[in-house]
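Letter by letter, the chains look like this.
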Amino acid sequence: MASQKTDKIKIMKGADPDLSAATYQIFDESHTLGNALRWMIMKNPKVEFCGYSAPHPSENLIQLRIQMYDKLSSLDALLQALDDLDQVCETIGDAYTTSLRTDKYEEWHEET
């Protein structure tokens, strides 16, 4: 039986035609991504408002509302924030890996 592929992000009904204000559903994500993404989006000075919610614990999705100044695209802001957040995670991962390779740590091994 073939598995059905679903979209990761969906634009919810009620979005402005130019997407200057829209609510996005992001599937298979939780507060972990929601809060980090909201923070990254709000760093953009062209964003008027950004908030997210997890509608119900049994639903594995978040809803992200973005409103822009000057009729700019909220989708562009979302995609830029995802790229920026990916870069931040990559930078932190690289610094962590470098630290593990170069710093001296006390190691403890459990005797079996």
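Here the structure is a predicted model, which means the values were calculated and not measured.

Details of the overall build of the protein chain
- Looking only at helices and strands, the protein chain features two helices and four strands.
- Along the protein chain, helices (α) and strands (β) appear in the sequence β-β-α-β-β-α when read from the amino end.
- In terms of C-alpha radius of gyration, the protein chain reaches 19 Å, well past the compact-globule figure of 13 Å for 112 residues.
- Judged by the C-alpha coordinates and their principal axes, the protein chain covers about 60 × 45 × 25 Å.
- A fraction of 49% describes how many contacts in the protein chain between residues 6 or more apart in sequence connect residues 24 or more apart.
- Carbon and sulfur atoms make up 52% of the accessible area of the protein chain, which totals about 8,600 Å².
- Charge separation in the protein chain, taken as the distance between the mean sites of 11 positive and 19 negative side-chain charges, equals 8 Å.

Considering the packing of helix 1 (residues 31–42) against helix 2 (residues 74–102)
- Where helix 1 meets helix 2, the closest approach of the two axes is 9 Å, and the angle between their N-to-C directions is 110°. Relative to helix 2, the element helix 1 is oriented roughly perpendicular. Contacts between helix 1 and helix 2 involve Leu33, Ala36, Leu37, Met40 and Ile41 from the first element and Ala77, Leu78, Ala81, Leu82, Asp84, Leu85 and Val88 from the second.
- Per-class residue counts for the contact of helix 1 with helix 2 are 11 nonpolar, no polar and one charged.

Details of the pairing of strand 2 (residues 21–27)
- The buried fraction of strand 2 is high, at six of seven residues.
- Pairing of strand 1 (residues 9–11) with strand 2, which is carried by three bridges, proceeds in the antiparallel orientation. Bridged to isoleucine 11 within strand 2 is tyrosine 24.
- Both strand 2 and strand 4 (residues 61–68) contribute to a ladder of seven bridges, which runs antiparallel. Among the inter-strand pairings, isoleucine 26 is bridged to a residue of strand 4, identified as isoleucine 62.

Comments concerning a nonpolar patch on the surface
- Where nonpolar side chains cluster on the molecular surface, the patch consists of Tyr96, Leu100 and Tyr105 and spans about 350 Å² of accessible area.
- As for its position among the elements, tyrosine 105 is in the segment after helix 2.

Conventions and cut-offs
- Residues numbered from 1 in each chain as written.
- Predicted model: local features only at pLDDT ≥ 70, side-chain atom pairs only at ≥ 80, totals over all residues.
- Heavy atoms only, no water.
- Helix = DSSP H or I, 4+ residues; strand = E, 2+ residues; numbered from the N terminus.
- Rg over C-alpha atoms; globule rule 2.2 N^0.38 Å.
- Contact = heavy atoms within 4.5 Å.
- Areas by Shrake-Rupley, 256 points an atom, 1.4 Å probe, with all protein chains shown as cover.
- Lys, Arg positive; Asp, Glu negative; His and termini not counted.
- Charge placed at Lys NZ, Arg CZ, Asp CG, Glu CD.
- Axes fitted to C-alpha atoms, helices over the stretch in contact; angles between N-to-C directions.
- Parallel < 35°, antiparallel > 145°, perpendicular 65-115°, else oblique.
- Nonpolar A, V, L, I, M, F, W, Y, C, P; charged D, E, K, R; others polar.
- Buried < 20%, exposed > 50% of the residue type's maximum accessible area, 1.4 Å probe, protein only.
- Pairing = 2+ DSSP bridges.
- Patch = residues over 30% accessible without salt bridge, like charges linked within 9 Å, V, L, I, M, F, W, Y side chains within 5 Å.
- Salt bridge = Lys/Arg side-chain N within 4 Å of Asp/Glu carboxyl O.

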